[in-house]
Amino acid sequence: MLQRLRESLTLVLLVALPFHALAVTLATKLIAGPGHAPMGVLAVWKEGLLGVILCITIVELFLRWRAMGYGLWAMGMDIIDALVLGLLLLAVIVSAHSSQLTAHSFFYGFKYDFIPLLAFLVLRRVPWSDRWQLSAVRCLLALGVLIAAYGIVTMFLPMSFFTLLGYSDLHSLYLPDGPLAAFQQVGASGIRRIQSTFSGPNQLGLWLLLPWGMVWAVSGQRSAHSARMLVVARFLLLAALFLTFSRAAWIGAVVIIVLSRLFPLPPFFPLSPRERGNERERVGVKSIIVALVIGLAVALAVPASRVILLRSASTTDHLRRPMEALRVIADHPFGLGLGSAGPASNRVSDGCVFLPASGDASWAAGRDDLCVFLGDVQVQPRGRVCRCPLLPENWYLQIGVELGVLGLALYLVLMGCVLVRLWRSVVSGQWSTDLFAIFLALSLAALVLHAFEDSAVAYTAWILVAAALPIASRREPA
């Protein structure tokens, strides 16, 4: 009964997570009125539900171990567990010795960096039924289609629609003390980037990699209807991924397609031997179609490469900010403590806008909540020095800034071990290519983005990995 309750609540969490930003924004407006930052008491619902799930899991483990006649010594531990616990211990030590850290910074840093890992650590110790895995895949696929369709529709909606829901009337800006921006634009082109129900286009693009990976692992050739549904799903997901204009998500989507075509293993919807043979014959045709789609997308993007692909300002940030993070790591090899970099730093710092030295800052006049820089010179507001966030634009370097060189090394080894274990499960036929491809795509995106900052991405990915990589506990006594 506890397993059924745990699995049901986990499914509810996975389904609700993608709607977090939209729901909290709307609820904040209804309760506090327009112009307010998302209310913290509303925003922590997901951690509260995850906490309930983890408590149920711990009770379930305790009852199982007591029934078996032994204690906590029997829970087992592997290298992945040791790495997670080692990172946690290091984070406590480094943060305790940091003179610049505040309680708020530590709280947000722990939330972003360790809650997903600790959930993974606990949830991999309990069994997950095949029915739950099938339900999770189906729900994520259906959600992906729904969220993609809504995102495409928002491409054409006026600003008044977003402000009605509680979003800010600004775009492309994050204000710690204000509501979410309605949308972002591609540089100064005026081209809108969709974010659907998420807090930004990059967050949407990375989450879409989850259903995108699953839709390529599903075999829908059992009927003409299911085949058509898969075509529609793939088209909507591809269109939404493109309209996020998230280059990291694009690369991840290509990685997933290539791996799913090289290793077509669909365990969630197993095929008969005859169907499996037909599926192999279709692989060649589908690979050609995929190559044509990618080629067409590249051909269409080339004329707009300077605006969409190169994006000089964004590309410069992706090069400059990691170098700044490397300098910080070199100056502080033992780390600055949790929350000193990345999204946690964003939450406790001023909202800063960096413009070229010859740029025009007149559009921000009267907005004292914005810190505007022309080059390296602060031009707004006058009379106080702004405290801007440290954003490495790289999840691993963020960990390096927070936990030092040792923390960076441990985290890289952890990610490598998880990928190796997932790959072994693919080779042994225990799991599918899709989860390995999805986690690899997210790991690559983390080289240029804070890929695991969004709870929908981090919690969903690590929960699925926990189900795929159960810990080997000790055998029951005879």
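The structure under discussion appears in the preceding block.
Some thoughts on the overall build of the chain
- Secondary structure summary: the chain contains 19 helices and five strands in total.
- Within the chain, contacts between residues separated by at least 24 positions form 74% of all contacts whose residues are at least 6 apart in sequence.

Quick word on the pattern of salt bridges
- Here the structure, examined in full by the defined rule, presents nine salt bridges.
- Notably, a salt bridge pairs K46 with E47, separated by 3.4 Å at the nearest N-O pair.
- Taking relative accessible area as the criterion, K46 reaches 3% and is therefore assigned buried.
- Take E47: its relative accessible area is 16%, and that puts it in the buried class.

Regarding the pairing of strand β3 (residues 351-355)
- For β3, the buried fraction is high: four of the five residues fall into the buried class.
- Bridging between β3 and strand β4 (residues 370-374) involves five bridges; their strand directions are parallel. Its bridge partner lying in β4, C352 is registered against C371.

Topic: the state of the cysteines
- Considering all chains together, one arrives at two disulfides under this definition.
- The partner cysteine of C371 in its disulfide is C386, sulfur to sulfur 2.0 Å. Here the disulfide of C371 and C386 is left-handed, its torsion about the S-S bond being about -85°. Placement of C371 in strand β4 and of C386 in the loop between β5 (377-380) and α17 (395-427) is noted, with a sequence separation of 15 residues between them.
- Disulfide connectivity for the chain, with bonded cysteines indexed by sequence position, reads 1-4, 2-3.

Here's the deal with the nonpolar core
- Core analysis: the biggest nonpolar cluster contains 108 residues, and W132, W207, W212, V418, L422 and F452 have the highest contact counts within it.
- Leave out the neighbours within four places in its chain, and W132 touches E7, T10, L11, L14, I463, L464 and A467.
- If you look at the next biggest cluster of nonpolar residues, it comprises ten residues, including L175, A361, V372 and L374.

Definitions and cut-offs
- Residues numbered from 1 in each chain as written.
- Predicted model: local features only at pLDDT ≥ 70, side-chain atom pairs only at ≥ 80, totals over all residues.
- Heavy atoms only, no water.
- Helix = DSSP H or I, 4+ residues; strand = E, 2+ residues; numbered from the N terminus.
- Contact = heavy atoms within 4.5 Å.
- Salt bridge = Lys/Arg side-chain N within 4 Å of Asp/Glu carboxyl O.
- Buried < 20%, exposed > 50% of the residue type's maximum accessible area, 1.4 Å probe, protein only.
- Pairing = 2+ DSSP bridges.
- Disulfide = S-S within 2.5 Å.
- Core = buried A, V, L, I, M, F, W, Y, C linked by side-chain atoms within 4.5 Å.

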